[in-house]
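An overview of the molecular structure
One-letter residues, chain by chain:
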Amino acid sequence: MEVYLDNSATTKAYESVRDIVGKVMCEDYGNPSSMHKKGVEAERYVKMTKETFAKILKVQEKEIFFTSGGTESDNLALIGAARANARAGKHLITTAIEHPAILNTMHHLEEEGYRVTFLPVDGNGRVRLDALREALCSETILVSIMHINNEIGSVQPIEEAAQIVKSYNHNILFHVDAVQGFGKYRIHPKRMGIDMLSISGHKIHGPKGIGALYIDEKVKIKPILFGGEQQRNVRSGTENVPGIAGLGVAAKEIYTNLDEKVAHMRALKNQFIEGLRRIPHLAVHGLYDETSAPHIISVGFMGVRSEVLLHALEERGIYVSAGSACASNHPQISGVLRGIGTRKELLDATLRFSMSEFTTEEEIDYTLKTLYQLIPMLRRYSRR
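Structure report, in brief. (Residues numbered from 1 in each chain as written. Predicted model: local features only at pLDDT ≥ 70, side-chain atom pairs only at ≥ 80, totals over all residues. Heavy atoms only, no water.)

1. Side note on the environment of L378
Rule in force here: Numbering of helices and strands runs from the N terminus; a helix is a DSSP stretch of H or I covering at least four residues, while a strand is a stretch of E covering at least two.
In this fold, L378 is placed in helix α12 (residues 361-382). Separated by 74 residues in the primary sequence, L378 and V304 have C-alpha atoms spaced 6.4 Å apart.

Here you go:
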């Protein structure tokens, strides 16, 4: 039996996505900037996907831009907005448990002369709003807070944070990395006070190498790529039309019957956590009730190294993660786990299990039974 529980790293594409990507690559393969029929056909896919995202997010089509993925969306939002608004100030704010696409971009901006405040989080991985209030100052031009943490599934109080920021100074830009939240929650940036929002295709059963960035029309932003001035010169480069078409189909499909899909994942998460109670000496990191993400579970197994357990599960056809897939080639202790005050003995003993709408009860049962067998055996082995 094969069980894929690493959906926060990437997802299996919908069949409808596979079909549209193949069609665009092999039939409607024109350059959308070309003025002939083939170009017009290609441009139609770009327009259709903009319409899809504008409808889902309740924003304008002209406020949707396509990128190569979540990382580029984050880079464009942070670097582009920071440079465009530097005259107003050079202070930026984010949290200590952001994705590397945010943290490393902020460190780059520090090298450019910006001052960055990294906000602490509580033991459940939620940003401390009192720290946000204290950090805001006359030099602050941008605040970036993720929607859902990719490692432990904590849901950030985005609307409350946006209200604090906008009440202090409505000109401060508020960016949200929604890579793990889009497709699990309904997100309406204008109502929630979000100026920029990052989205990734391969987290929602779409293609890899494609993403989107919502930018409110009032936001001043400078490009970080230079070329043919496509996408209103915000993001140059010939549009990835097959990817954009696949992204649009994935977005439309994942938001169809969304409540039922989320309820399904939530039920599986509850089933898994209830089953874990049979295993002694473990910890589920963060919250795991209705206020947490429906698809992510982070579990520390005392006395078992995460890498050892990961490969033991792999041998039995179960695929999970030891943390963020974006850092998997450079094993290191998770900054997220440190940030929430995880006990030292669990820092290198934690796995992330992440589900999708395709995950089944049988797969969860099989995973639990496998863990019941493996954990006692691996603990005995580790004590030798």
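2. As for the side chain of S356
For clarity, the cut-off: Under the rule applied, a polar contact is a pair of N or O atoms within 3.5 Å (in protein, one hydrogen donor and one hydrogen acceptor; residues adjacent in sequence only if both atoms are side-chain atoms). Contacts are residue-level and defined by heavy atoms, with any inter-residue pair within 4.5 Å sufficient.
You can see S356 is positioned in the loop between β12 (350-354) and α12. Among the polar contacts made by the side chain of S356, one reaches the main-chain amide nitrogen of F358 at a distance of 3.0 Å. Residue contacts for S356: discarding those within four places in its chain leaves N7, H205, H264 and M265.

3. Re the pairing of β12
For a regular strand, the rule is simple: side chains alternate between the two faces of the sheet. The test is simple: Burial classes: relative accessible area under 20% of the type maximum marks a residue as buried, over 50% as exposed, and values in between as partly exposed (1.4 Å probe, protein chains only). Criterion used throughout: strands pair if DSSP finds at least two bridges between them.
Within β12, five of the five residues are buried, which leaves it mostly tucked inside the rest of the structure. The two faces of β12 match: T350, R352 and S354 on one face and L351 and F353 on the other face are all buried. One ladder, built from five bridges, connects strand β10 (residues 296-301) with β12; its direction is antiparallel. Within β12, the residue paired with I297 across the bridge is F353.

4. Here's the deal with helix α1 (residues 15-26)
Stated precisely, the cut-off is as follows: A helix's residues, less one, multiplied by 1.5 Å, set its expected span. Directions pointing from the helix axis toward each C-beta atom define the arc.
The end-to-end C-alpha distance of α1, which contains twelve residues, comes to 17 Å, matching closely the 16 Å that a straight helix rising 1.5 Å per residue would cover. For α1, every residue scored as buried is listed here: V17, I20, V21 and V24. Projected down its long axis, α1 carries its buried residues within an arc of 100 degrees, all on one side. In this structure, α1 carries E15, R18 and C26 as exposed residues pointing more than 90 degrees from its buried face.

5. Details of the packing of α1 against helix α8 (residues 241-254)
Axes are the key here: two packed helices are described by the angle between their axes and the distance separating the axes. Definition in use: Every axis in this analysis is a line fitted to C-alpha atoms, fitted for helices over the stretch in contact. Angles between the N-to-C directions lie between 0 and 180 degrees. We call two directions roughly parallel when the angle between them is under 35 degrees, roughly antiparallel when it is over 145, roughly perpendicular when it lies between 65 and 115, and oblique otherwise. Helix crossings fall into two classes, left-handed where the near helix is turned counterclockwise from the far one by less than a right angle and right-handed where it is turned clockwise. Residue polarity follows a fixed list, in which Ala, Val, Leu, Ile, Met, Phe, Trp, Tyr, Cys and Pro are nonpolar, Asp, Glu, Lys and Arg are charged, and the others, Gly among them, are polar.
The contact between α1 and α8 brings their axes to 8 Å, and the two run at 155 degrees. One way to sum up the angle between α1 and α8 is to call them roughly antiparallel. In terms of crossing hand, the pair formed by α1 and α8 is right-handed. Between α1, through S16, V17, I20, V21, V24 and M25, and α8, the contact on the second element is made entirely by V241, P242, A245, G246, V249, A250 and E253. When the residues that make up the contact of α1 with α8 are grouped by side-chain class, the tally is ten nonpolar, two polar and one charged.

6. Observations regarding the pairing of strand β8 (residues 211-215)
Counting buried positions along β8 gives five out of five residues, so the element sits mostly inside the fold. Along β8, one buried face is formed by G211, L213 and I215 and the opposite face, lined by A212 and Y214, is buried too. Bridge count for strand β2 (residues 64-67) against β8 is four bridges, and the pairing is antiparallel. Of the residues in β8, the one forming a bridge with F65 is L213. Two elements, strand β7 (residues 196-200) and β8, share five bridges in a ladder whose sense is antiparallel. Looking at β8, one finds that S198 is bridged to L213.

7. A closer look at the packing of helix α3 (residues 70-84) against helix α4 (residues 100-111)
Contact pair α3 / α4: the axes reach a minimum separation of 9 Å and the direction vectors enclose 30 degrees. Comparing their axes, α4 and α3 come out roughly parallel. For the pair α3 and α4, the crossing hand works out as right-handed. Between α3 and α4, the residues in contact are T71, D74, N75, L78, I79, A82 and R83 and A101, I102, T105, M106, H108 and L109, respectively.

8. Concerning the packing of aromatic side chains
We count it as follows: Working definition: a ring pair exists when centres of Phe, Tyr or Trp rings (six-membered ring for Trp) sit within 6.5 Å. Plane angles under 30 degrees give stacked, over 60 give edge-to-face, the rest tilted. Throughout this description, the term charge over a ring refers to an Arg CZ or Lys NZ atom that lies within 6 Å of the ring centre and within 35 degrees of the ring normal.
Following the criterion strictly, the structure yields five aromatic pairs and no others. With a centroid separation of 4.8 Å and 55 degrees between ring planes, the pair formed by F272 and F353 is classed as tilted. Of the two residues, F272 is situated in helix α9 (residues 258-276) and F353 in strand β12; the sequence distance between them amounts to 81 residues. The residues F272 and F353 share a single accessibility class, namely buried. Put simply, the rings of F53, F182 and Y255 pair up and form one aromatic cluster. Here the guanidinium or amino end of K38 rests over the ring plane of Y29, the centre of that ring lying 4.5 Å away. For the cation-ring pair, K90 lies above Y114, with the distance from its terminal atom to the ring centre recorded as 4.6 Å.

9. Here's the deal with the pattern of salt bridges
Note the threshold: Salt bridge, as applied in this entry: a Lys or Arg side-chain nitrogen positioned within 4 Å of an Asp or Glu carboxyl oxygen.
Under the definition given, this model contains 24 salt bridges. One salt bridge connects E112 with R83, and the closest N-O pair in it is separated by 2.6 Å. With E112 in the loop between α4 and β4 (115-119) and R83 in helix α3, this residue pair connects regions lying 29 residues apart in the sequence. Overall, the relative accessible area of 29% leaves E112 in the partly exposed class. Overlapping salt bridges bring together E63, K190, D216 and K218 as one network.

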